[in-house]
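Coordinates in review
The primary structure of each chain is shown beneath.
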Amino acid sequence: MAEAADFQGISPSPARRWLRRSGVLLAGVPLLAGLLQLPLSTSASAAEKASLADATGSSTIDVSLDSLSPSAPTDGDTVTVSGSVTNKGKQTVTDAHVGLRVGPSLSTRSAIDTAAQRTGFQLGLDAPEVGGKYVAKFSKLVAGVSQHFSISVPVKELDLGSDGVYQLGVSLTGRTAAQPWDQILGIQRTFLPWQPDEADTKTKTTYLWPLISTVHLTAETGSDEQQTPVFKNDDLAKEISPGGRLDQLLTMGSDLDVTWVLDPDLLASVDAMRDSYRIQTENGTTTAGKNQAVAKAWLDKLEKTVQDKKVVALPFADPDLASLAHNGKNVTGSLSHLKDATDVASSTVDTILHVKPSTEFAWPADGAVDPSIVKVATSAGADTVIARSDSLRETGGLSYTPSAARPIGGGTTAVVADARLSTAFQGDMTKADSSTLAVQEFLAQSLMINLQESGGQRSIVVAPQRMPSASQAQTMAQALKALQDGNWSESQGLSAAAKAKPDPGATTKVPSASAYPSSLRKHKQELPRSAFEDIQETQTKLDNFQVILTDKSRVVTPFGRAIERGMSTSWRGRASQAETFREGVKSYLEDLTGLVHLIDKSDAKLSGRSATIPVTVQNNLVQGVDNLVLRLTSRQPNRLKIGDGPYDEQPIQVAGEHSQSVKFTTSTKANGPVEVVAQLYTKDGQAYGPSVSFEVKVTEITSTVMLVIGGGVLLLVLAGFRMYTQRKRAAARQAEEEPEDGSAAGGVNKDTDGTVDTEDTEDSEHGPEGESGVESGADDPEHPSDPTPDTAPESTDPSGTGERVDR
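About the thresholds
- Residues numbered from 1 in each chain as written.
- Predicted model: local features only at pLDDT ≥ 70, side-chain atom pairs only at ≥ 80, totals over all residues.
- Heavy atoms only, no water.
- Core = buried A, V, L, I, M, F, W, Y, C linked by side-chain atoms within 4.5 Å.
- Buried < 20%, exposed > 50% of the residue type's maximum accessible area, 1.4 Å probe, protein only.
- Helix = DSSP H or I, 4+ residues; strand = E, 2+ residues; numbered from the N terminus.
- Contact = heavy atoms within 4.5 Å.
- Axes fitted to C-alpha atoms, helices over the stretch in contact; angles between N-to-C directions.
- Parallel < 35°, antiparallel > 145°, perpendicular 65-115°, else oblique.
- Left-handed = near helix turned anticlockwise from the far one by under 90°.
- Nonpolar A, V, L, I, M, F, W, Y, C, P; charged D, E, K, R; others polar.
- Phe/Tyr/Trp six-rings, centres within 6.5 Å; stacked < 30°, edge-to-face > 60°.
- Lys NZ or Arg CZ within 6 Å of the ring centre and 35° of its normal.
- Pairing = 2+ DSSP bridges.
- pLDDT = per-residue confidence, 0-100.

Membership of the largest hydrophobic core comes to 73 residues, with the highest contact counts inside it found for Phe-545, Phe-559, Leu-630 and Leu-632. Element by element, the count of residues in this core is highest for helix α19 (residues 575-593), at six residues. Apart from residues lying up to four places away in sequence, Leu-630 is in contact with Leu-598, Val-615, Val-617, Asp-648, Glu-649, Gln-650, Ile-652, Val-662, Phe-664, Ala-678, Gln-679 and Leu-680. Judged by nonpolar contacts, the second largest core, of 63 residues, contains Trp-209, Phe-425, Met-448 and Leu-451.

Encoded structure:
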């Protein structure tokens, strides 16, 4: 980014006048360096010259600047600088003192960068000491020992001139036995922003305050009515507990004028902790969570804090837009997950916090953009992309930092966050020295933006790291508090910054894909294509599963959210953990779908020309299943038909935790073994679960049948013999009783043609046909020898392993 030149119309400060004079000294440095080989006097001038020869770049003494108050002084203030000095050398340092050096004033943002990177004392660039009584003295500094110092100086003693950013050096001067003259043995630099009066035009500053965490909830829920959620661990409770990272962010942010950026998944996860919840253990079991009160307190505090505040909701689980654009957009269904995550964001925040958030913003990782990222980011409905100035770089030669908003085509606005301000607190802020330096540099850069000649008021956006640590958050809050109390900036919400009038000369061209930072695109940063293929495989299984459910919400909602969590930006740098999470979601879904299955069948024997084959479906889910079809198929329909053809199918409906037996009618054509396959299908024709195969041995005439037939023949012979003996006996009796004249007796009539008509005294049912010659009709009941069905139409008991078909 181009920088402004020295400001016009600003009178030079004493520090500036000193800098001009020091230029003359620099011209004589070569000669001076030769003279400095000899011992010099202990005067201040000699000390400065000796330090140039002997101590420039020296790290003999480590100077730590632990606090500077006030961070942005005004007239009448007293500046207090505190810290410590540590002798890192091998010799004891004597006659030492710490002093302050103010000046010169800096004129550009790049000059601030350069000054912050310099180490060691440099004559001409570092000003003389303020001196006098404003020093901290040490009689000696023993090697390896640290000592504290504190210096307080009235602002008027610093000779600050016009508004600007001044260098502030904190140096230690001392002697050693080897070099017994004054020399500068260590120095630390920072910046003093000087704007004692209200600026005529103030910069409008938007600071994003992110409440985002990693993924904590799994897809697993309990089988109870409340569907008790299951967490990967209890780390979220630590973050929201008093003193935890998220608790500190919430506490500190409540005192600042910021735009809250929320991940709805974080809210949903904490909300899930308010009632009973469980935590996964290493051995695969779960244990009860105990931090309900902590979750309730944190959410209650957040709800009160964000009322009437500026709130932005990211898509659910903060999906990685760059990974999706580079590796996932060509995988079927991937973009639909982003749309779902966007749609659910507003309702989640509104339901839990009772505020209406803005959802028109998309925030790629580190604000890095290219055309594909912008296209994906806006595909789900967002019309504003939060970029960063180290990605969307200025190319128009502007001498000032332009406003954040600018149109980038297609009705999309890019809000370009300032890179220097946004990355100011990404380092290790656990040390007081690092924190103090970061605060002062942040304020210096902010003031320099306002001092630039731009011709109008500008809107600047600061988008810090997504998940600042507790120490980083503390430093951010300290800097932002000083900025909001200062005289050159005023707060503004993100929505207002996005609507601000863009600078005509600001760049609006999105950088090409080749310009995307390789550090952000490498494998362990972005989710690979295989991750999105895994996600789509899980989604396909979920689609097939939900078709059969009578209460889809119990499965679709938790798994839908879990799929979105698998795309989270929080997985960057944690590739193995991301893969483990996705595999866990897929595995748990497979376990659930496996609870609806066919019970294995043993091989069966079929005797006769027709029979029924029972197949049992087991449902171990707590809810009923429907929209299933059970198909039974014969691999050899020329030998065994199912129904009227090679297969038959029947609809299935099974209550929760029950089983259902279905009977299929079969008919045989020839003897021999036949493989039969049972398979469940959804009503849209998708196979559901594994099939079950078993063998049916078809035997049309068996030994049992032969015995039955033989018995029937024997009965016929016996019946015929009985009839023969009965008739023979009847004829004998008739001969004995007949009179000698041949007249009829016992009802015998003699026709005129000589034919005898005899009345049969035996019942007709004893005749051959009535006795054993009537075939059973089709509607006759099953034979007494038929086995009882192994299950009722609906039974909770599984089928036995040795079940036989019903004839």
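Now that the structure has been shown, we can carry on.
Right, let's talk about unusual backbone geometry for a bit. For the bond running from Ser-69 to Pro-70, omega is -5 degrees, close enough to zero to count as cis. Within the element layout of this structure, Pro-70 appears in the loop between β1 (61-69) and β2 (78-87). Residue Gly-103 is joined to Pro-104 through a cis peptide bond whose omega torsion reads -5 degrees. You can see Pro-104 is positioned in strand β3 (residues 93-106). Look at Asp-95: it is not a glycine, yet its phi comes out positive at around 50 degrees. Locating Asp-95 in the fold gives a position in strand β3. Of the residues examined, Asp-95 reaches a relative accessible area of 47% and is grouped as partly exposed. Phi at Asp-159 takes a positive value of approximately 55 degrees, unusual for a residue other than glycine. Structurally, Asp-159 can be placed in the loop between β5 (146-154) and β6 (164-175).

Time to look at the packing of helix α7 (residues 264-273) against helix α8 (residues 292-306). Helices that pack against each other are described as a pair by the angle of their axes relative to one another and the distance between those axes. Two elements in contact, α7 and α8, have axes separated by 7 Å at closest approach and are oriented at 135 degrees. Viewed along their axes, α7 and α8 adopt a mutual orientation that is oblique. Considering only the axes of α7 and α8, their crossing is left-handed. On α8, the residues that touch Leu-266, Leu-267, Val-270, Asp-271 and Met-273 of α7 are Gln-292, Ala-295, Trp-298, Leu-299 and Leu-302. Of the residues assigned to the contact of α7 with α8, the class counts are eight nonpolar, one polar and one charged.

What follows deals with the packing of aromatic side chains. Taken as a whole and assessed by the stated rule, the structure comprises seven aromatic pairs. Here Tyr-207 and Phe-442 contribute two aromatic rings whose centre-to-centre distance is 6.3 Å and whose plane-to-plane angle is 65 degrees, an arrangement assigned as edge-to-face. Of this pair, Tyr-207 sits in strand β8 (residues 203-211) while Phe-442 sits in helix α13 (residues 432-451), and the two are 235 residues apart along the sequence. Residue Tyr-207 is classed as buried on the basis of its relative accessible area, which comes to 2%. Feature note: the residues Tyr-207, Trp-209, Phe-425 and Phe-442 constitute an aromatic cluster, connected by ring pairs. The ring centre of Tyr-647 lies 4.7 Å from the NZ or CZ of Arg-631, which sits over that ring. Its end group placed over the ring of Tyr-681, Arg-631 keeps NZ or CZ at 4.5 Å from the ring centre.

The next subject is the sheet that holds strand β16 (residues 384-388). Taken in spatial order, the four strands make up an open sheet running β15-β16-β18-β17, and their pairing is mixed. The open sheet has two free edges, formed respectively by β15 (361-362) and β17 (405-409), since each of these has just one partner strand. Note that β17 and strand β18 (residues 412-417) share four bridges and pair antiparallel. Each residue of the ladder has a partner; that of Ala-405, found in β18, is Val-415.

This paragraph deals with the confidence of the model for the protein. Overall, the predicted model of the protein reaches an average pLDDT of 84, with 82% of residues at or above 70. Below a pLDDT of 50 lies the segment residues 1-57, which in the model reaches 85 contacts outside its immediate sequence neighbourhood of four places, other chains included. Confidence drops under a pLDDT of 50 for residues 740-807, and excluding neighbours within four residues, the segment shows 78 contacts in the predicted structure.

Turning to the sheet that holds strand β13 (residues 286-288), a few remarks are in order. Reading across from one edge, β9-β10-β12-β13 is the order of the four strands in this open sheet, with mixed pairing throughout. Strands at the two margins of the open sheet, each flanked by one partner only, are β9 (217-221) and β13. Within the sheet, the average angular offset between the axes of one strand and its neighbour, ignoring direction, is 40 degrees. Two strands pair when backbone bridges link them, and strand β10 (residues 229-231) and strand β12 (residues 278-280) are joined in this way by two bridges, in the parallel orientation. If you follow Val-230 over to β12, its bridge partner there is Arg-278.

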